[in-house]
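Each chain, written out:
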Amino acid sequence: MSENFPNAPLVELIAEIRWEAASPVLDETGDVVADMDLDVHSDVLFQAFGDRMAAEGYLRSERLTPPGYPAPAGMAVYRYSSTGDSGESAVFQIGAGVLTVNAIQPYRTWNHFRPKVRQGLDALIASWTDANRPDRFSKVTIRYIDSFGDEYLEGKSRTHFVSEVLGFKLSLPSAFEAHLDGTDPNLFLQFSSGLRNGGRVAVRAGHATVENEDAVVMDTTVSHGDGAALDTADVLALLDSGHEVIHDTFVQLTRGVGHILRGEAK
C-alpha cells in the first residue's frame, strides 16, 4: 500500500492511455476549410465522453483548441475537472487517440487516485461505438513529476541534493575543471531502461526553477509500449505495476529527506 507523505513534493501525476487515431489531413494546395478532412469519429467520441463525465458530476469543461482546429492525434482537445469530496483534484483530458487523468495537489496516495483513473477508463470505453472503436490501446503510461525546493535542499546546493541525497553520482571530465569558476554547475540528466516485469522506465532529474525558486525536479515515467486490451482491469494492472516501480524507487531515493516528507523533526 502506498505511504501517505504529508509533505510530498508531487507537482503532478499523470496516467495516460493512447490508441491509434488518424490526424486530420489538410490539402495545402486547396482551400483550407473545404479540403480539411475532419475526424468525425473523434467528435462523436468527445461528445459521448463529455456527456458521461457530466453525468458523473464533472460539469466544468474546457475546449483546449479552437473549434474547427485540426488537432493532431495525441493532442488533448477537451478538459474536464472537478474536486471530489476528499478534496483531491483530478483533471481528465481527451483528444484523438489519447486520454489522460491528471492528479494535482492536494494528493494523498495512488490508492486514493486510482478510482478516478478507473472512472475515466470506464467512461472512455463506454463512449466508443462500433464505428470508432480501436482494436486495443497502443500505449499505457504513468508519470510522476516531483519538485524538491528549499525545504529539501536544507541550505545545500542542488548538485549536492542530486548527488548525495538522490544518489545520482555525477562527475565532470577533468578537461573542464581548469575552465570552470567553481560555482554550482547547472546539471540535468536522463536515462531509460527496460524493466524486469515489463515496460520501460525513463527518468529525468536535475536543476530547475519552480515558482521562481531554485529546485531539483525529478520526472519519472513507466510506459508499456505494447499497450493493452480495451479493458479497464488490464490497463489498471499495467498502471499498478508502473506505480509500484516508481513508488519503490522514490522511497529508496529519498531516504535522506524522509523526515521532511513525513513532516517530522530530524
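Residues numbered from 1 in each chain as written. Predicted model: local features only at pLDDT ≥ 70, side-chain atom pairs only at ≥ 80, totals over all residues. Heavy atoms only, no water.

K.L.:
Describe in detail the overall build of the chain, supporting the description with residues and values.
P.N.:
Of the regular secondary structure elements, the chain holds seven helices and eleven strands. Every one of the 266 residues in the chain was classed for burial, and the buried ones make up 42%. Taking contacts inside the chain between residues at least 6 apart in sequence as the whole, the part at least 24 apart equals 63%. Taken as a whole, the chain presents about 14300 Å² of accessible surface, with 49% of it coming from carbon and sulfur. (Helix = DSSP H or I, 4+ residues; strand = E, 2+ residues; numbered from the N terminus. Buried < 20%, exposed > 50% of the residue type's maximum accessible area, 1.4 Å probe, protein only. Contact = heavy atoms within 4.5 Å. Areas by Shrake-Rupley, 256 points an atom, 1.4 Å probe, with all protein chains shown as cover.)

K.L.:
Explain the pairing of strand β8 (residues 137-148) residue by residue, including any values.
P.N.:
Within β8, nine of the twelve residues are buried, leaving the element largely enclosed by the surrounding structure. Summarising the sheet, β8 and strand β11 (residues 213-224) pair through nine bridges and their orientation is antiparallel. Across the sheet, Tyr144 pairs through a bridge with Thr220, a residue of β11. (Pairing = 2+ DSSP bridges.)

K.L.:
Break down the pattern of salt bridges for me, citing the residues and quoting the values.
P.N.:
When the charged atoms of two side chains with opposite charge come close together, those side chains can pair. Applying the stated criterion across every chain yields a total of six salt bridges. A salt bridge links Arg18 to Glu16, with the shortest nitrogen-to-oxygen separation between them at 2.7 Å. Under the relative-accessibility criterion, Glu16 is labelled buried at 19%. When the shortest N-O distance is used, the salt bridge between Glu164 and Lys169 registers 3.5 Å. (Salt bridge = Lys/Arg side-chain N within 4 Å of Asp/Glu carboxyl O.)

K.L.:
Can you explain the environment of Leu170? Please cite residues and give values.
P.N.:
Looking at where Leu170 falls in the secondary structure, it is placed in the loop between α4 (158-165) and α5 (174-177). For the pair Leu170 and Leu189, spaced 19 residues apart in the sequence, the C-alpha separation amounts to 9.2 Å. Setting aside residues up to four positions removed in sequence, Leu170 forms contacts with Val162, Ser163, Leu187 and Leu189.

K.L.:
Could you give me a rundown of a nonpolar patch on the surface, with the residues and numbers involved?
P.N.:
Taken together, the side chains of Leu172, Phe176 and Leu180 define a hydrophobic patch exposed on the protein surface, amounting to about 280 Å² of accessible area. If you trace the backbone, Phe176 turns up in helix α5. For Phe176, a relative accessible area of 46% translates into the label partly exposed. (Patch = residues over 30% accessible without salt bridge, like charges linked within 9 Å, V, L, I, M, F, W, Y side chains within 5 Å.)

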